[in-house]
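Residues per chain are reported as follows:
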There are 2 protein chains.
Amino acid sequence: MQIAIALYERFTSLDAIGPYQTLKSLPGAETVFVAEQAGPVRDESGTLALVADKSFAEVRRPDIVVVPGGPGQSDQMENEPLLDWLRAVDATTTWTTSVCTGSLALAAAGLLEGRRATSHWLALPELDRLGARSTGERVVFDGKYVTGAGVSAGIDMGLTLAGKIAGDDHARVVQLMTEYDPQPPYDAGSPEKAPAHLVAICRDRSRAEQ
Amino acid sequence: MQIAIALYERFTSLDAIGPYQTLKSLPGAETVFVAEQAGPVRDESGTLALVADKSFAEVRRPDIVVVPGGPGQSDQMENEPLLDWLRAVDATTTWTTSVCTGSLALAAAGLLEGRRATSHWLALPELDRLGARSTGERVVFDGKYVTGAGVSAGIDMGLTLAGKIAGDDHARVVQLMTEYDPQPPYDAGSPEKAPAHLVAICRDRSRAEQ
């Protein structure tokens, strides 16, 4: 089983690492980080590069694809090499997945037409515009398409998918080894829970990044 | 404000990325990934390399240090270049922090003597042996030393520290932008909550990795 995690300039690191850490120990799995060209790929801040060991051209039949998001929505939606690769490999994947605004790439590639899907809460209107039926749920399955909400939701997406593939006890061991017993110091992780003035700050910041 | 995240061969990726994603937007902060030598550093699986942009020799006065853990405890405890660097920079840090078994490096460097600290649940006895006073808490502050429990606890550690440094509203915005509203599909994230036979599997696996 090959798990391919796609990288592109200005992706968000935790979007990629949450599913990586929770999926990589699937029995018989080999994980590969992949990008248009092999080599270091800088994230949204420019202060961290993850190395893509293979190019898109070298990874043609992954079983599982993971697309992380990033703050600049056009980085995903208008990334033709990424969209072409997603369309090509989706023909043979068992699971096609995304975290955060990675779902905008899946939708822009035409893979979520009419499907239930999620994204970062700030990107749900764009997801609808691209033909998906957005929901505010944290992890959404529609057939083989699995989408997670913003950034940290990739951990929940990965654990849920690991359980579907390898059974609940496998996923529970992953949860225990990663000590995933979350205790956030605040209760502001969704726009419904956060104070309205902070939701407004996030909306302004996101507009500035587009 | 400079935040230095230390890398070494066989670190755990999520240990480093959780604090990175939650601390990097601190006002005026510059984050740098650092290792004995600049260049790609492979994680525990060998399937992912993060790039250290600077060597230990180039980063001498960070304000915040973060040490991630990894499954092989000797990778941290017996890593003399890492321990030497930690002792040197700790003289001028504002905060010296760790995630998971990264605390074994802080303790082996002599920085946690008699201090309250935490680590991955499987490593708490080793942390005591190295002179710290271990607790099972998820995030532990003792003076300027901040330690997080296993792997995913780095997100809670980073958010808590971000709130201390830049105020609660800053940290809440980080939580909202990373949509950190966790919904684990299982309740097996600590040895107290997981079924006993899965705790035993993790203990066996950890022994095999030492």
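What counts, and at which threshold
- Residues numbered from 1 in each chain as written.
- Chains lettered and ligands numbered in written order.
- Predicted model: local features only at pLDDT ≥ 70, side-chain atom pairs only at ≥ 80, totals over all residues.
- Heavy atoms only, no water.
- Helix = DSSP H or I, 4+ residues; strand = E, 2+ residues; numbered from the N terminus.
- Rg over C-alpha atoms; globule rule 2.2 N^0.38 Å.
- Buried < 20%, exposed > 50% of the residue type's maximum accessible area, 1.4 Å probe, protein only.
- Contact = heavy atoms within 4.5 Å.
- Axes fitted to C-alpha atoms, helices over the stretch in contact; angles between N-to-C directions.
- Parallel < 35°, antiparallel > 145°, perpendicular 65-115°, else oblique.
- Left-handed = near helix turned anticlockwise from the far one by under 90°.
- Nonpolar A, V, L, I, M, F, W, Y, C, P; charged D, E, K, R; others polar.
- Salt bridge = Lys/Arg side-chain N within 4 Å of Asp/Glu carboxyl O.
- Core = buried A, V, L, I, M, F, W, Y, C linked by side-chain atoms within 4.5 Å.
- Least-squares fit on C-alpha atoms with pLDDT ≥ 70 in both.
- Pairing = 2+ DSSP bridges.
- Buried area = accessible area lost by both parts, 1.4 Å probe.
- Polar contact = N/O pair within 3.5 Å; in protein donor to acceptor, adjacent residues only side chain to side chain.

As annotated in an unreviewed UniProt entry, chain A carries the name DJ-1/PfpI family protein and is attributed to Streptomyces huasconensis.

(A) The overall build of chain A, seen in detail. On a plain count of helices and strands, chain A comes out with eight helices and eleven strands. By the compact-globule yardstick of 17 Å for 210 residues, chain A fits well, its C-alpha radius of gyration being 16 Å. Its C-alpha atoms give chain A principal-axis dimensions of about 45 × 40 × 35 Å. The buried share of chain A, reckoned over its 210 residues, is 64%. Considering only contacts in chain A between residues 6 or more positions apart, those separated by 24 or more positions represent 63%.

(B) Spatial organisation of the packing of helix 1 (residues 13-23) of chain A against helix 1 (residues 13-23) of chain B. Helix 1 of chain B packs onto helix 1 of chain A with a crossing angle of 150° between their chain directions and a minimal axis gap of 10 Å. Taken together, the axis directions place helix 1 of chain A and helix 1 of chain B in an arrangement best described as roughly antiparallel. Considering only the axes of helix 1 of chain A and helix 1 of chain B, their crossing is left-handed. Of helix 1 of chain B, the residues touching helix 1 of chain A (which contributes Ser13, Leu14, Ile17, Tyr20 and Gln21 of chain A) are Ser13, Leu14, Ile17, Tyr20 and Gln21 of chain B. Of the residues that constitute the contact of helix 1 of chain A with helix 1 of chain B, the class distribution is six nonpolar, four polar and no charged.

(C) Structural context of the pattern of salt bridges. All names here are of chain B. According to the stated counting rule, one finds 24 salt bridges over all chains in the structure shown. Glutamate 126 is paired through a salt bridge with arginine 129; the nearest N and O atoms lie 2.5 Å apart. With glutamate 126 and arginine 129 both in helix 5 (residues 124-129), this residue pair falls three residues apart, about one helical turn. Ionic pairing is found between aspartate 204 and arginine 207, a salt bridge with its closest N-O pair at 2.9 Å. With aspartate 204 and arginine 207 both in helix 8 (residues 196-209) and three residues apart, this pair spans about one turn of that helix. Judged by its relative accessible area of 46%, aspartate 204 falls in the partly exposed class. For arginine 207, a relative accessible area of 57% puts it in the exposed group.

(D) Looking closely at the nonpolar core. With 124 residues, the main nonpolar core has Trp85 and Leu86 of chain A together with Trp85 and Leu86 of chain B as its most contacted residues. Grouped together as the second largest cluster of nonpolar side chains are ten residues, Leu176 and Met177 of chain A together with Trp121 and Val199 of chain B included.

(E) Representation of the relation of the copies chain A and chain B within the structure. With an RMSD of 0.0 Å, the fit of chain A onto chain B corresponds to turning through 180° and sliding 0.0 Å along the axis. Considering both components of the superposition, the chain copies are consistent with a two-fold axis. Residue leucine 50 of chain A, judged by its C-alpha, is the member of chain A lying nearest the rotation axis, at 2.3 Å. Looking at the interface residues of chain A, 100% of them are also at the interface in chain B, so both copies use one shared face.

(F) Molecular detail of the sheet that holds strand 6 (residues 64-67) of chain B. All names here are of chain B. Spatially, seven strands are ordered 5-2-1-6-7-11-10 in an open sheet, and the strand pairing comes out mixed. The open sheet has two free edges, formed respectively by strand 5 (54-55) and strand 10 (139-142), since each of these has just one partner strand. Two elements, strand 1 (residues 2-6) and strand 6, share three bridges in a ladder whose sense is parallel. The residue of strand 6 that forms the bridge with isoleucine 3 is isoleucine 64. Sheet contacts for helix 3 (residues 80-90): strand 1, strand 2 (30-35), strand 6, strand 7 (95-99) and strand 11 (145-148); angle to strand 6, the most-contacted strand, approximately 155°.

(G) Spatial organisation of the interface of chain A and chain B. Contacts between the two partners involve 65 residues from chain A, matched on the other side by 65 residues from chain B. Summed over both sides, the interface between chain A and chain B buries roughly 5,800 Å², with carbon and sulfur atoms accounting for 60% of that surface. The three residues of chain A that bury the most area against chain B are Leu176, Glu179 and Tyr186 of chain A, which together make up 15% of that side's buried surface. Where chain A packs against chain B, one counts six salt bridges. For glutamate 44 of chain B, the salt bridge identified is with lysine 24 of chain A, shortest N-O distance 3.3 Å. Put simply, chain A and chain B have 48 residue pairs in polar contact (both at pLDDT 80 or more) between them. Elements represented by at least two residues in the side of chain A that touches chain B include exactly helix 1, strand 2 (30-35), strand 3 (39-42), strand 4 (49-52), helix 6 (153-166), helix 7 (168-177) and helix 8 (196-209) of chain A. With eight residues, helix 7 of chain A is the largest single contributor of residues to the side of chain A that touches chain B. Looking at the side of chain A that touches chain B residue by residue, the classes come out as 32 nonpolar, 18 polar and 15 charged.

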